[in-house]
Amino acid sequence: MYNQSVEGLTSRGLTYPCRCSRKDIASALAAPQEGAPHAVYPQSCKTRSMVERGAGDAVRLHMDRALKQASVELGFIEDGPLHCGVHPIDPAALLDEIGDIVIGRKDIQTAAYFLASAIDDIRQNITHVVRGVDLFEFTQVQILLLDLLGHTPPRYHHHDLIRDDDGKRLAKRDDARAISVYRKDGASPDDIRLMIGL
């Protein structure tokens, strides 16, 4: 299903192959991290056709074409206390601040994070997404991809992040403690709710 989705977007002229390495791009495009600026891809390969795609090429979404094929009234409902309300998609922000995202990975030849998570939401009939506020700005990408795949978006709730005593967010990539460790140390559900501002 992941590969079919890439092929479907390709058949609509919404993708192009990208051979750029991490060294070719100022910083690698990866899962968003709090405090790390998102590097907008410089569109070096944008004129390439998918018929040129080689084994070492990633697949990028042609953002401006994708926005032209998207629904006119595109947006999402946010239930979280930090950004509560209706948020229409901002095409200028998607073009200038997010850019042509990778939707097909070159290393394992399958869907990349944004497309894979949109497909997972569809396959699992997700109606509500609860996640950290560090992903709030990238929700627009999810909404666009869900729309291009013919699905309505779920409702979102972006919560504050759990932080240590120094204010640094707790994350697996930084070997932060798991919630199970807090539980083992005697933290109650109410203690953990307080840690994330609920």
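The preceding data block contains the structure.
Residues numbered from 1 in each chain as written. Predicted model: local features only at pLDDT ≥ 70, side-chain atom pairs only at ≥ 80, totals over all residues. Heavy atoms only, no water.

Chemist: Sorry if this is basic, but what is going on with the packing of aromatic side chains here?
Modeler: What describes a pair of aromatic rings is the distance from one ring centre to the other and the angle between the planes of the rings. A full pass over the atoms with the stated rule returns four aromatic pairs. Here the aromatic rings of Phe-76 and Tyr-156 are separated by 5.6 Å at their centres, their planes lie at 75°, and the arrangement is edge-to-face. Remark: Tyr-156 occurs in strand E7 (residues 155-159) and Phe-76 occurs in strand E3 (residues 75-78); sequence separation between them is 80 residues. Residue class for Tyr-156 comes out buried when judged on its relative accessible area of 1%. Summarising the aromatic geometry, the rings of Phe-114 and Phe-138 are spaced 5.7 Å apart at their centres and angled 20° between planes, so their arrangement reads as stacked. Residue Phe-114 is located in helix H4 (residues 113-123), and its partner Phe-138 is located in the loop between strand E6 (128-132) and helix H5 (139-148); the two are separated by 24 residues in the primary sequence. (Phe/Tyr/Trp six-rings, centres within 6.5 Å; stacked < 30°, edge-to-face > 60°. Helix = DSSP H or I, 4+ residues; strand = E, 2+ residues; numbered from the N terminus. Buried < 20%, exposed > 50% of the residue type's maximum accessible area, 1.4 Å probe, protein only.)

Chemist: What exactly am I supposed to notice about the state of the cysteines here?
Modeler: Covalently bonding the sulfur atom of one cysteine to the sulfur atom of another cysteine gives a disulfide. Counting across every chain of the model gives zero disulfides. There is no disulfide at Cys-18, and the cysteine sulfur nearest it, in Cys-20, is 3.8 Å away. (Disulfide = S-S within 2.5 Å.)

Chemist: What is the right way to read the packing of helix H3 (residues 91-98) against H5 from this model?
Modeler: The relative placement of two packed helices comes down to the angle between their axes together with the axis-to-axis distance. One way to put it is that H3 packs onto H5 with a least axis distance of 10 Å and a crossing angle of 115°. The crossing of H3 and H5 is left-handed. Here H3 contributes Ala-93, Leu-94 and Ile-98 to the contact with H5, which in turn contributes Gln-140, Val-141 and Leu-144. In the contact of H3 with H5, the residues fall into five nonpolar, one polar and no charged. (Axes fitted to C-alpha atoms, helices over the stretch in contact; angles between N-to-C directions. Left-handed = near helix turned anticlockwise from the far one by under 90°. Contact = heavy atoms within 4.5 Å. Nonpolar A, V, L, I, M, F, W, Y, C, P; charged D, E, K, R; others polar.)

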